[in-house]
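Notes for the structure review
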Amino acid sequence: MTGMTTAPGSLILDHVSFRYARTCEDSGLDATPNPEDPMDITDLCLHVRPGETVLLCGESGCGKTTVTRLANGLIPHYHPGRLTGGVIVDGIDVPRTTIDALAGHVGSVFSNPHTRFFATRVDDELAFPCENMAIAPDEILRRMDGTMRDFAIAELADRNIDHLSGGQQQRVACASASMTDPAILVLDEPTSNLDVPSIARLRRSLLTWRRQGRTILIAEHRLAWLAGIVDRAVVLHRGRVHREMSGEELRALGPEERHALGRRATSIRKTSDARAELPAHAERPSCAEEPSWTVSGVRRRYRGDTRPALDIPELRIPDSRTTIIVGDNGAGKSTFLRWMQGLDRHASGTLTSPAGDTLSRRERLRRCFTVMQDVTQELFTPRVIEEVAASQPTEDPDEAMRILADLDLSDLADRHPLSLSGGQRQRVAVAAAIASNRPIIMFDEPSSGLDHRHMLQVADQLRLLASRGRTVIVVTHDPDLASLAGDNMVELDAGRIGG
């Protein structure tokens, strides 16, 4: 670590190599990696100086998430594997300490904020990390007051976290990560499920941290919202540092070079703006001239809320087409998918097939397949190929491998799904949906965590599904995916059809 400082607030990865455990025996901090086994991170050197904001970018699976897990101690203390090299965070030797000793030094924000929550109420969630560190109650209250002001969440203090929108949950996650006064903040794809207003609020959170002098490490595909924040960008490729550039050099890249490095749009636009880019033949979903699935009388109200989360008198969804559902965080998009799938026992409404049959809730469970926003909840098998095969009506190994090949997953067929990056897991879940062969296939943010090339692959598969007679419903904040894959668009606003 010659020439590098271990000063407070710094992050040092010194010739780090890491390989995730493929089996229970394939782990150990001091294990020597088998030279025949591919490493997830190879001889990686990275020095983040105190107060610096560094962007990690590159294609899905390049190692971004692995680096963030090294920085916050999840590797090796939660994700086992073979680790060599030095990891020094805020002056602490990470492999040789305990993960609880890092709690006051590093704060983490993930793409799905719900995975880091421990309490049901917002104020309890903010207090929780400080209580774990035995901080005095008066000091906890003082920190809560300041943090709620900094992140503009005072009005959410007594709210149930499960009833907040995705953008509100992300603000709570940022606030909670700040409560222990960490020197370093680590973020992994924090905008992947956020609408434009929520991204703007997240940007303000990062600016707050910069003013406070905190060190920020962020893995991200989207660039526009980070303009003027990033000091340096580190491009990863197959677990190695491929290139480094300043924030100014990053903004100056052209579209082709940007896409080649796995990065997404440099401008932020609302998903509904993609309506003008839908195919010329596209019809509004209320069109009665083509076979459609008819949604009628859908209504859902959560306990304690003054207005319904869903209120849809009627909606027609064209058969064998791709319908894009857009709207801001909290508009009711995911709630609608849960109703369609038959997962919500407390919502009313009917779904009628193009043939005129009304599907019961149990029938919807059998005839719909949903790729959820947090795909980790639906990955159950020990191998990727088994995950796809488990969804097939009749097991067909050759077809399963073809589906994996179409999504650039062939080399990962024997990997455990939970050892993959977020973008790779997303594509495994998409592969399972394709293999299910059900008449209605729904996706909740299917391009979450994907780079430009893999987003194009998913768009191709969505179009292919519709061409093969499947009715495809996609909830997304991604205008690029919407314009590439959609035939129709439905906009939800406060649980009602708008746009």
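This write-up is about the structure you can find in this document. These numbers come from a predicted model, not from an experiment.

Rules used in this analysis
- Residues numbered from 1 in each chain as written.
- Predicted model: local features only at pLDDT ≥ 70, side-chain atom pairs only at ≥ 80, totals over all residues.
- Heavy atoms only, no water.
- Salt bridge = Lys/Arg side-chain N within 4 Å of Asp/Glu carboxyl O.
- Helix = DSSP H or I, 4+ residues; strand = E, 2+ residues; numbered from the N terminus.
- Buried < 20%, exposed > 50% of the residue type's maximum accessible area, 1.4 Å probe, protein only.
- Axes fitted to C-alpha atoms, helices over the stretch in contact; angles between N-to-C directions.
- Parallel < 35°, antiparallel > 145°, perpendicular 65-115°, else oblique.
- Left-handed = near helix turned anticlockwise from the far one by under 90°.
- Contact = heavy atoms within 4.5 Å.
- Pairing = 2+ DSSP bridges.
- Core = buried A, V, L, I, M, F, W, Y, C linked by side-chain atoms within 4.5 Å.
- Nonpolar A, V, L, I, M, F, W, Y, C, P; charged D, E, K, R; others polar.
- Lys, Arg positive; Asp, Glu negative; His and termini not counted.

The subject of this paragraph is the pattern of salt bridges. In this structure the tally under the stated criterion is 22 salt bridges. A salt bridge links D40 to R415, with the shortest nitrogen-to-oxygen separation between them at 3.5 Å. Taken together, the residues span a long stretch of sequence, with D40 in the loop between β1 (11–20) and β2 (41–48) and R415 in the loop between α12 (397–406) and α13 (422–436) at a distance of 375 residues. Among the residues examined, D40 registers a relative accessible area of 15% and is labelled buried. With a shortest N-O distance of 2.9 Å, E52 and R232 are connected by a salt bridge. You can see E52 sitting in the loop between β2 and β3 (53–57) and its partner R232 sitting in strand β9 (residues 232–237), a full 180 residues away along the chain. Residue R232 is classed as buried on the basis of its relative accessible area, which comes to 12%.

Attention now goes to unusual backbone geometry. Note: most residues except glycine have negative phi, and most peptide bonds are trans. Residue P76 is bonded to the preceding I75 through a cis peptide linkage, with omega at 10 degrees. Along the chain, P76 turns up in helix α2 (residues 74–77). Phi at D181 takes a positive value of approximately 60 degrees, unusual for a residue other than glycine. The residue D181 is located in the loop between α5 (166–178) and β7 (184–188) in this model. Given a relative accessible area of 48%, D181 falls into the partly exposed group. Despite not being glycine, D408 has its phi angle at roughly 60 degrees, a positive value.

Following both chains from N to C, one finds helix α3 (residues 122–132) and helix α4 (residues 137–150) inclined at 130 degrees, their axes separated by 10 Å at the closest point. In this view, α3 runs oblique relative to α4, as classed from their interaxial angle. Note that α3 runs across α4; the crossing there is right-handed. From α3, D123, L126, A127, C130 and E131 reach across to α4, where they touch I140, R143, M144 and M148.

Looking now at the environment of L407. Here L407 lies in the loop between α12 and α13. Measuring from C-alpha to C-alpha, the distance between L407 and H454 comes to 7.5 Å, with 47 residues separating the pair along the chain. Setting aside anything within four residues of it in sequence, one finds L407 in contact with R427, V430, A431, I434, Q457, V458 and Q461.

In this section: helix α11 (residues 384–391). Of all eight residues in α11, six are buried, a share of seventy percent or more. All of the buried residues along α11 are V384, I385, E387, V388, A389 and S391. Looking at the packing, one finds that the buried side of α11 touches β16 (368–371), α12 and α13.

Most of strand β4 (residues 81–89) sits inside the fold, with seven of its nine residues counted as buried. Judged from the eight bridges that link them, β1 and β4 form a sheet pairing that is antiparallel. In the strand pairing of β4, F18 is matched with L83. Relative to strand β5 (residues 92–93), β4 is paired through two bridges, and the arrangement is antiparallel. By the bridge assignment, V89 is partnered in β5 with I92. Counting the residues between successive antiparallel strands, the hairpin from β4 to β5 contains two residues, one of them, D90, with a positive phi of roughly 55 degrees.

Before going further, it helps to spend a moment on the nonpolar core. L55, I153, L187, L206 and W209 are the most contacted members of the largest nonpolar core, which has 43 residues in total. When contributions to this core are tallied by element, the ones reaching two or more residues are β3, α3, α4, α5, β7, α6 (196–211), β8 (215–219) and β9. With five residues, α5 is the largest single contributor of residues to this core. Filtering out sequence-adjacent residues up to four positions away, I153 remains in contact with V122, L126, M148, R171, V172 and A175. Residues I324, L379, I403 and A482 belong to the second largest nonpolar core, which totals 40 residues.

This paragraph deals with the packing of α3 against α5. Between α3 and α5, the least distance of the axes is 8 Å, while the angle of their chain directions is 30 degrees. Taken together, the axes of α3 and α5 lie roughly parallel to each other. As for how α3 packs across α5, the hand of that crossing is right-handed. Here V122, E125, L126 and P129 of α3 come into contact with α5, specifically with V172, A175 and S176. A breakdown of the residues in the contact of α3 with α5 according to their chemical character gives five nonpolar, one polar and one charged.

One can find D90 in the loop between β4 and β5. We note that D90 is buried and unpaired, the nearest opposite charge coming from R214 at a distance of 9.2 Å. Every residue in contact with D90, bar those within four places of it in the chain, is listed here: P8, G9, S10, H105, A183 and I184.

Our focus in this paragraph is the sheet that holds β16. Across the sheet, which stays open at both edges, the six strands sit in the order β16-β17-β18-β13-β19-β20 with mixed pairing between neighbours. Of all strands in the sheet, those with a lone pairing partner are β16 and β20 (496–498), marking the two edges. The average angle at which neighbouring strand axes cross in this sheet is 25 degrees, direction not considered. Where β16 meets strand β17 (residues 440–444), four bridges bridge the pair, whose relative direction is parallel. Residue pairing in the sheet places F369 in a bridge with I441 of β17. Relative to β17, helix α9 (residues 333–341) is tilted by about 155 degrees, and along the sheet it contacts β13 (322–326), β16, β17, β18 (471–475) and β19 (488–493).

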